[in-house]
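Observations on the model geometry
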Amino acid sequence: IFINNQWHDSVSGKTFPTINPTTGEKICDVSEGDKADVDVAVAAAKEAFKKGSTWRTTDASARGRLLNKLADLMERDQAYLASLESLDNGKPVRVANGGDLVLAIKCIRYFAGWSDKVHGKTIPIDGPFMTYTRHEPIGVCGQIIPWNFPILMTAWKWGPAIACGNVVVTKPAEQTPLTILYLCQLSVEAGFPPGVINVVPGYGPTAGAAITAHPDVDKVAFTGSTEVGQIIMKAASASNLKKVTLELGGKSPNIIFDDADLDEAVKHSHVGLFLNQGQCCCAGSRIFVQDTIYDEFVARAVAKAKAITVGNPFDDVEQGPQVDEDQFNKILELIESGKSEGANMHCGGNRYGNRGYFVSPTVFSDVQDNMRIAKEEIFGPVMQIFKFSTIDEVIERANNTLYGLAAGVFTKNMKKALHVSNHLKAGTVWINCYDVFAAQAPFGGYKMSGIGRECGEYALELYTEVKTVTVALDSQEAK
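These remarks concern the structure in this document. Since the model is a prediction, treat every value here as computed from it, not as a measurement.

Criteria and cut-off values
Residues numbered from 1 in each chain as written. Predicted model: local features only at pLDDT ≥ 70, side-chain atom pairs only at ≥ 80, totals over all residues. Heavy atoms only, no water. Pairing = 2+ DSSP bridges. Helix = DSSP H or I, 4+ residues; strand = E, 2+ residues; numbered from the N terminus. Axes fitted to C-alpha atoms, helices over the stretch in contact; angles between N-to-C directions. Contact = heavy atoms within 4.5 Å. Buried < 20%, exposed > 50% of the residue type's maximum accessible area, 1.4 Å probe, protein only. Core = buried A, V, L, I, M, F, W, Y, C linked by side-chain atoms within 4.5 Å.

Spatial strand order, 14-15-16-13-12-17-18: seven strands in an open sheet with mixed pairing. What marks the edges here is a single partner per strand, and that holds for strand 14 (344–347) and strand 18 (428–431). For this sheet the average axis-to-axis angle between neighbouring strands, irrespective of direction, equals 20°. Examined bridge by bridge, strand 12 (residues 253–256) and strand 13 (residues 286–290) share four bridges and lie parallel to one another. Bridged to Ile 255 within strand 13 is Phe 288. Across the sheet, helix 9 (residues 262–274) lies against strand 12, strand 13, strand 15 (362–365), strand 16 (382–388) and strand 17 (406–410), angled at about 135° from strand 16, the strand it touches most.

Here Ile 19 shows up in strand 3 (residues 15–20). Among the residues examined, Ile 19 registers a relative accessible area of 28% and is labelled partly exposed. Distance in space between the C-alpha atoms of Ile 19 and Val 266 is 34 Å, their sequence separation being 247 residues. Setting aside residues up to four positions removed in sequence, Ile 19 forms contacts with Gly 24, Glu 25, Lys 26, Ile 27, Asp 88 and Tyr 357.

Attention now moves to the nonpolar core. Membership of the largest hydrophobic core comes to 118 residues, with the highest contact counts inside it found for Met 74, Trp 158, Phe 192, Ile 197, Ile 256, Phe 297 and Ile 385. For Ile 256, the residues in contact, after removing those within four places along its chain, are Ala 265, Ser 269, Ile 287, Phe 288, Val 289, Gln 290, Ile 293, Phe 297, Phe 388 and Phe 410.

Of note in this structure, Asn 432 is not a glycine but carries a positive phi near 60°. Along the chain, the position of Asn 432 falls in the loop between strand 18 and strand 19 (450–451). One non-glycine residue, Cys 455, adopts positive backbone phi at about 75°. For Cys 455, the position within the fold is in the loop between strand 19 and helix 15 (456–461). Judged by relative accessible area, which is 0%, Cys 455 ranks as buried.

Right, here's the structure in full:
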């Protein structure tokens, strides 16, 4: 547990194991934080944020330099961080190194640049007054990190929070705490004052719940399931009505029209589903293909899925294990439901190997909208392909979901692409591409996929309070 730039055992003395999903064996034990540890961490953060503290008197430009220094250190230790991420999470190390770490470093640098550019406005109100706004840091920000992209999601949350001058209490997912704990050590080396960054590993119902219900936490940001997001909303409301940012689940449509470049559509749809073992909240898991090219698309998608190399993430493979046994079992159960409800399974559908949490890449065609695999977030390497005929039909079906995180559209007709994009209820729409992420572009969902946006300038709004100041100019004192 990392509090005030120092390492601590949990108050209870408890630990929990973090498991290597490739083997199912324990990597190490980690201190298990709970409410008592969260109380200590929040107190430290509150002290660091008080008037006149080192952090509150740090120049905005200096905050940017600290973030850039952290990015420098992440870059220096990139290979180690990628290996640690792969060991704890199971994603191929080449993906962790060339994808997650690159994006995380870019994110930290992007928000470093914003540190001294967060400012208000002067407003010409009526009368002899000067009115201006200040964008002030919120205060203590609780941040709960998911297990699918641990280091990248930490960057998405630390970057804007720290750039705006806040302090953080972060809870990593219990499945994947290791890289975030290593970042704590780098934050000390970078020169962050004590109390600015605090990390409490532990379980959601204890440590996570303590953060969301704490009366001295001013804002909570969470990435994870919609079900837990609803619990967090209730706790935030019942405690101190803290500000909330939620990036939640998805069942994203990916629409392939018959005038699309089929090679490109197959390639990007493959990445859009199978990236990160299918463990992406924005995975294009409902692939709608126009009837005139349906059979050809299915054949190519199946061939590409069959060619996926699965195995030890430290080898040159495309797919590693699922993150843990619970997720592994959930995926296999949903695959069985797809088979029993009548979907046509072309490949996969079973455990891969006899050790670890590997699932064979699976493709279903002839999927109907009322099937469980069409409605529930599988979060695994399971592709579902639907057939459609008309534009209006596919727009209606694509939007017929509780979620609204992302969507894809493949067509050579830009008028058609923009028409469909404008009518999809999704926070991100990719046209003739998929899973294109950048720190500059906001990300978040409609409907039950969340509240607020992460990344881009929009994220800064969620880590600041706007204060209006009005000054009387025509007064006796001024004459």
